[in-house]
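Listed here are the chains, written in short residue letters.
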Amino acid sequence: MGMMQEFKEFAVKGNVMDLAVGVIIGAAFGKIVDSAVKDLIMPLIGAVVGKIDFSNMYVKLADIPAGVPDNLEALQKAGVPVFAYGNFITILVNFVILAFVIFMMVKQFNRMKKEAPAEPEATPEEVLLLREIRDNLKK
């Protein structure tokens, strides 16, 4: 029974719940970044570079069987080995954006988390009495 109690205490601690929320939000945020990279950023980069579709950039590593169209999806379905570097570039851009956003979030959290300056320690009673005596002598 002791192990179950320990597990219960571990599971309901704030850190575990924060981690669970972070994982769920991270997964949802990852999908948003995937869409932003795939649907917004890479088409813009492709237009600037010269109307290149990065998702369809690859090098065939074997001969194409008869009747298979020469596009990445069809080649992969047919089992033709391809070096899909365009997809890698897309995923790399995705990672860089996600890493930058997470870095900025952590930076902001750390800025908000800075501890308030510690209150000065209470002055000892002897010092207060000495100050009172000093002030009385000045009068």
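Criteria and thresholds
- Residues numbered from 1 in each chain as written.
- Predicted model: local features only at pLDDT ≥ 70, side-chain atom pairs only at ≥ 80, totals over all residues.
- Heavy atoms only, no water.
- Helix = DSSP H or I, 4+ residues; strand = E, 2+ residues; numbered from the N terminus.
- Rg over C-alpha atoms; globule rule 2.2 N^0.38 Å.
- Buried < 20%, exposed > 50% of the residue type's maximum accessible area, 1.4 Å probe, protein only.
- Salt bridge = Lys/Arg side-chain N within 4 Å of Asp/Glu carboxyl O.

A few points about the overall build of the chain
If you tally the helices and strands in the chain, you get 5 helices and 2 strands. In the chain, the order of α-helices and β-strands from amino to carboxyl end is α-α-β-α-β-α-α. Computed over C-alpha atoms, the radius of gyration of the chain comes to 31 Å, more than 25% over the 14 Å expected from 2.2 N^0.38 for 139 residues, which places it beyond the range of a compact globule. Summarising its shape, the C-alpha atoms of the chain cover approximately 105 × 55 × 20 Å along the three principal directions. Among the 139 residues that make up the chain, the fraction classed as buried is 12%.

Digging into the pattern of salt bridges
Per the stated rule, a full pass over the model turns up 3 salt bridges. For Asp70, the salt bridge identified is with Lys60, shortest N-O distance 3.2 Å. Of this pair, Asp70 sits in the loop between strand S1 (59-60) and helix H3 (72-77) while Lys60 sits in strand S1, and the two are 10 residues apart along the sequence. A relative accessible area of 46% means that Asp70 is categorised as partly exposed. For Glu73, the salt bridge identified is with Lys77, shortest N-O distance 3.3 Å. Here the residue Glu73 and the residue Lys77 both occupy positions in helix H3, the gap between them amounting to 4 residues, near one helical turn. Across the pair, exposure class does not vary: Glu73 and Lys77 are exposed alike.

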